[in-house]
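A structural walkthrough
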Amino acid sequence: MRYTVALQGFSDFERRAMASFFRLAQERAPAYVQAASPAESDFIIADADHAADVAAVRDARRLQDTIFIGSAAPAGSVAWLPRPIEPTHIVRELDLLLEQRLASFDEPPDHSDWVSSGPSELMGADGRPAKDVLVVDDSRVALKFLQARLQGLGYRVHLAHDATQALERLASQAFSLVFLDVGLGPEGSVDGFAVCQHIKQRKEHPGGIAPAVLMVTGRSSSMDRVRGDLAGCDAYLTKPLMEDEFVATLRQLDPVLA
């Protein structure tokens, strides 16, 4: 999952500063790498404070693919950020644009069908039948990334896009690992902390053993980490997810991968 991003406009200083964004974005998944020109790119980051750059994006009919950065969002734009430029905010907005693009052409007819697409005879890293894992996230991009990455490691992956779906799956099937986002829908919805707490406090589980829980979330504050600990999570990782940290944590929870 690698996508190209071009810069439209900006001063030499801001373009050099943007290099920190590309260093961050190419080391995570989905990855974003710099394109030579907007015409060759999947997405564009444009200077909203220069009329010529806004016009260039509009003339190319690329408003839906563009993050504008400046004092105000141009008319018709779908993504905008104020200055100063913050790399992690750009990554977040690109993920949202990508999610909208993916949903526009391959949204499944029923979210309840988001289950493992791997073959039933899939083998794990130790040569035995693959372990079942559950990924719970309301972001289609996050679900697709984790599904692809975990299947590549030999797991049979099941997906849920909210707490209700996750709890239904947990009540009927045994899982070795559960990957949980914190935010699982509109404000007021049951969140990942509550799902984790339910898993850890439940006395009986399908298969007889409670799954290990790995929180994978964009919430990085110390308070959120404490809430994860109180809910009983076995590990806490923040987005954007870095490959080395992800694999190292996974090996701690599943020594077969070591």
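The coordinates are above.
Model, not experiment: these values are computed from the prediction.

Let us now look at the overall build of the protein. Scanning the protein from terminus to terminus reveals nine helices and ten strands. Relative to its 258 residues, the protein shows a buried fraction of 47%. If you take every contact in the protein between residues at least 6 apart in sequence, the share linking residues at least 24 apart comes to 61%. Approximately 12600 Å² of the protein is accessible, and the part contributed by carbon and sulfur atoms is 52%.

Between its terminal C-alpha atoms helix α5 (residues 140-152) stretches 18 Å, which fits the 18 Å expected from 13 residues at 1.5 Å a residue. For α5, the complete set of buried residues consists of R140, V141, A142, L143, F145, L146, Q147 and L150.

Attention shifts here to the nonpolar core. In terms of nonpolar packing, the biggest core is built from 23 residues, with F21, Y32, I45 and I90 touching the most fellow members. For this core, the elements supplying multiple residues, two or more each, are β1 (2-8), α2 (19-25), β3 (43-47), β4 (66-69) and α4 (87-106). At six residues, α4 tops the list of elements feeding residues into this core.

Taking burial as the measure, the five residues of strand β7 (residues 156-160) include five buried ones, the bulk of the element. Here strand β6 (residues 132-136) runs beside β7; their pairing, made up of five bridges, is parallel. When the sheet's bridge partners are listed, V136 is paired in β7 with A160. Note on the crossover from β6 through α5 to β7: the handedness is right-handed.

There is a patch of nonpolar side chains on the surface, built from M223, V226 and L230 and spanning about 330 Å² of accessible area. Secondary-structure assignment places V226 in helix α8 (residues 222-231). Under the relative-accessibility criterion, V226 is labelled partly exposed at 40%.

Across the six residues that make up strand β9 (residues 212-217), a large majority, six, are buried. Burial along β9 is two-sided: A212, L214 and V216 and V213, M215 and T217, pointing in opposite directions, are all buried. Bridge count for strand β8 (residues 177-180) against β9 is four bridges, and the pairing is parallel. The residue bridging L180 from the neighbouring strand is M215, located in β9. In terms of handedness, the path from β8 via helix α7 (residues 192-201) over to β9 forms a crossover that is right-handed.

Inspection of the secondary structure assignment puts T238 in strand β10 (residues 235-238). With residues up to four places along the chain from it excluded, the contact list for T238 reads T217, R219, S220 and R225.

Once that is clear, we can look at the side chain of H205. Mapped onto the elements of the fold, H205 is located in the loop between α7 and β9. By relative accessible area, which is 16% here, H205 ends up buried. Polar contacts involving the side chain of H205 include one to the main-chain carbonyl oxygen of R202, which spans 3.2 Å. For H205, the residues in contact, after removing those within four places along its chain, are I199, A210 and P211.

Let us look at the sheet that holds β8. The strand order β7-β6-β8-β9-β10 describes an open sheet built from five strands, whose pairing is parallel. Each edge of the open sheet carries a strand with a single partner, namely β7 and β10. The mean angle between the axes of side-by-side strands here comes to 20 degrees, regardless of whether they run parallel or antiparallel.

Here the largest pocket defines a volume of roughly 720 Å³. Taken together, 35 residues form the lining of the largest pocket, with R92, D181, T217, G218 and K239 sitting closest to its centre. Taken together, the elements giving at least two residues each to the lining of the largest pocket come down to α4, α5 and β9. With seven residues, α4 is the single largest residue contributor to the lining of the largest pocket. Here the residues of the lining of the largest pocket sort into 14 nonpolar, nine polar and twelve charged.

Below, the discussion takes up the sheet that holds β1. Pairing within the open sheet is parallel, and its five strands lie in the order β2-β1-β3-β4-β5. Looking along the sheet, the strands with just one partner apiece sit at the ends: β2 (31-34) and β5 (80-81). Pairing of β3 with β4 involves four bridges; the strand directions are parallel. The residue bridging A46 from the neighbouring strand is F68, located in β4. Sheet contacts for helix α3 (residues 51-59): β1, β3 and β4; angle to β3, the most-contacted strand, approximately 155 degrees.

Criteria and thresholds
- Residues numbered from 1 in each chain as written.
- Predicted model: local features only at pLDDT ≥ 70, side-chain atom pairs only at ≥ 80, totals over all residues.
- Heavy atoms only, no water.
- Helix = DSSP H or I, 4+ residues; strand = E, 2+ residues; numbered from the N terminus.
- Buried < 20%, exposed > 50% of the residue type's maximum accessible area, 1.4 Å probe, protein only.
- Contact = heavy atoms within 4.5 Å.
- Areas by Shrake-Rupley, 256 points an atom, 1.4 Å probe, with all protein chains shown as cover.
- Expected span 1.5 Å × (residues − 1).
- Core = buried A, V, L, I, M, F, W, Y, C linked by side-chain atoms within 4.5 Å.
- Pairing = 2+ DSSP bridges.
- Right-handed = clockwise from strand over helix to strand, strands pointing away.
- Patch = residues over 30% accessible without salt bridge, like charges linked within 9 Å, V, L, I, M, F, W, Y side chains within 5 Å.
- Salt bridge = Lys/Arg side-chain N within 4 Å of Asp/Glu carboxyl O.
- Polar contact = N/O pair within 3.5 Å; in protein donor to acceptor, adjacent residues only side chain to side chain.
- Axes fitted to C-alpha atoms, helices over the stretch in contact; angles between N-to-C directions.
- 1 Å grid on protein atoms, 1.4 Å probe; cavity = no way out; pocket = protein on both sides within 12 Å on 5 of 7 lines; lining within 4 Å.
- Points joined across faces, edges and corners; volume = space filled by probe spheres on them.
- Nonpolar A, V, L, I, M, F, W, Y, C, P; charged D, E, K, R; others polar.

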